[in-house]
Amino acid sequence: MIKLNNICKTYHAGGQPIKAADGISLEIADGEMVAVIGASGAGKSTVLKIIGLTEKPESGEYILDGKNVTECSDKKSALLRNEKISFIMQDFALINQFTVMENAELPLLLAKKKMPARLRRKKAEEALSAVGISELKDRKISELSGGQKQRVAIARALVSDADIILADEPTGALDSKTGAGIIELLRSLNEKGTTVIIVTHDMNIAAQCKRVIEIKDGKIANNA
Ligand code: ADP
Ligand code: MG
């Protein structure tokens, strides 16, 4: 269960401070599939990063599975993320000098619970196959197109059997057919119990989610 209480986040980058999250309160129960929509710059990625423990709010409270994680250290946040959360970042956040396979395996390598190399490789291969890029496994990230990188980022999120998948515009760089396949994949994970939160501009994708949260100027404009 994800619970945000009155979360605020201001960015200070040179000129005027920007209030990217301005009193966000929401609850997302285990097993939900939720779309987060809103105009560019509305604060969608900021909210997702706070949920994904990669950004800290300056005020408000974040309760994850009954624990207050607002003040967690970076180290504790990384551990929690590895244990519970898979994040498909808008900018992919892949390691360019690593191969596709090495990137896909990474969450399993970093996990506290160690896994034999052969099993790690098998899981990564399955994830790459699920997103249709098995043939790219030995290529370096820096040699891939945007759409191929996006699929590696999705494969990496699939390997760790996380409780929560956060997907920030996961189909933005894909053609519509590949994108539909990815959403289908996320839906089937959701049917098996994974909580899925998708930031999207695409109303077709939002329509496939059970709930749509709209963000406007850092605030919740609609939560139905
Ligand atoms: P969205 O994902 O809805 O497009 P974001 O959450 O990325 O919106 O951004 C919300 C606002 O915060 C925007 O005005 C954006 O420019 C600003 N912002 C986001 N990240 C940063 C950052 N790291 N530094 C400065 N400003 C930022
Ligand atoms: Mg964004």
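Note that this is a predicted model, so its numbers are computed, not measured.

**Remarks on the sheet that holds strand β1 (residues 2–11)**
Read across the sheet, four strands follow the order β2-β1-β4-β5 without closing on themselves; strand pairing throughout is antiparallel. The sheet is open, and its two edges are formed by β2 (18–28) and β5 (67–68), each paired on a single side. As paired strands, β1 and strand β4 (residues 59–64) are joined by five bridges and run antiparallel to one another. By the bridge assignment for β4, Leu-4 is matched with Tyr-62. Those strands touched by helix α1 (residues 44–51) are β1, β2 and β4, and its axis lies near 125° from that of β1.

**Side note on the pattern of salt bridges**
Following the criterion strictly, the structure yields twelve salt bridges and no others. Overlapping salt bridges bring together Lys-19, Asp-22 and Lys-219 as one network.

**Quick notes on unusual backbone geometry**
At Ala-93, a residue that is not glycine, the phi angle is positive and equals roughly 50°. Summarising the element assignment, Ala-93 is placed in the loop between β6 (85–88) and α3 (100–110).

**Quick notes on the site of ligand 1**
The local shell around ligand 1 consists of Tyr-11, Ala-13, Ile-18, Ala-20, Ala-39, Ser-40, Gly-41, Ala-42, Gly-43, Lys-44, Ser-45 and Thr-46. Measuring from an oxygen atom of ligand 1, one finds a backbone N or O atom of Gly-43 at 3.0 Å. Between Ser-45 and ligand 1, the recorded distance is 2.8 Å, taken from a side-chain N or O atom to an oxygen atom. Of all the elements in the fold, those that place two or more residues in the shell around ligand 1 are β2 and α1. With three residues, α1 is the largest single contributor of residues to the shell around ligand 1. Partitioning the shell around ligand 1 into residue classes produces six nonpolar, five polar and one charged.

What counts, and where the lines are drawn
Residues numbered from 1 in each chain as written. Chains lettered and ligands numbered in written order. Predicted model: local features only at pLDDT ≥ 70, side-chain atom pairs only at ≥ 80, totals over all residues. Heavy atoms only, no water. Pairing = 2+ DSSP bridges. Helix = DSSP H or I, 4+ residues; strand = E, 2+ residues; numbered from the N terminus. Contact = heavy atoms within 4.5 Å. Axes fitted to C-alpha atoms, helices over the stretch in contact; angles between N-to-C directions. Salt bridge = Lys/Arg side-chain N within 4 Å of Asp/Glu carboxyl O. Near = heavy atom within 4 Å. Polar contact = N/O pair within 3.5 Å; in protein donor to acceptor, adjacent residues only side chain to side chain. Nonpolar A, V, L, I, M, F, W, Y, C, P; charged D, E, K, R; others polar.

By themselves, these are just geometric observations and shouldn't be taken as functional.
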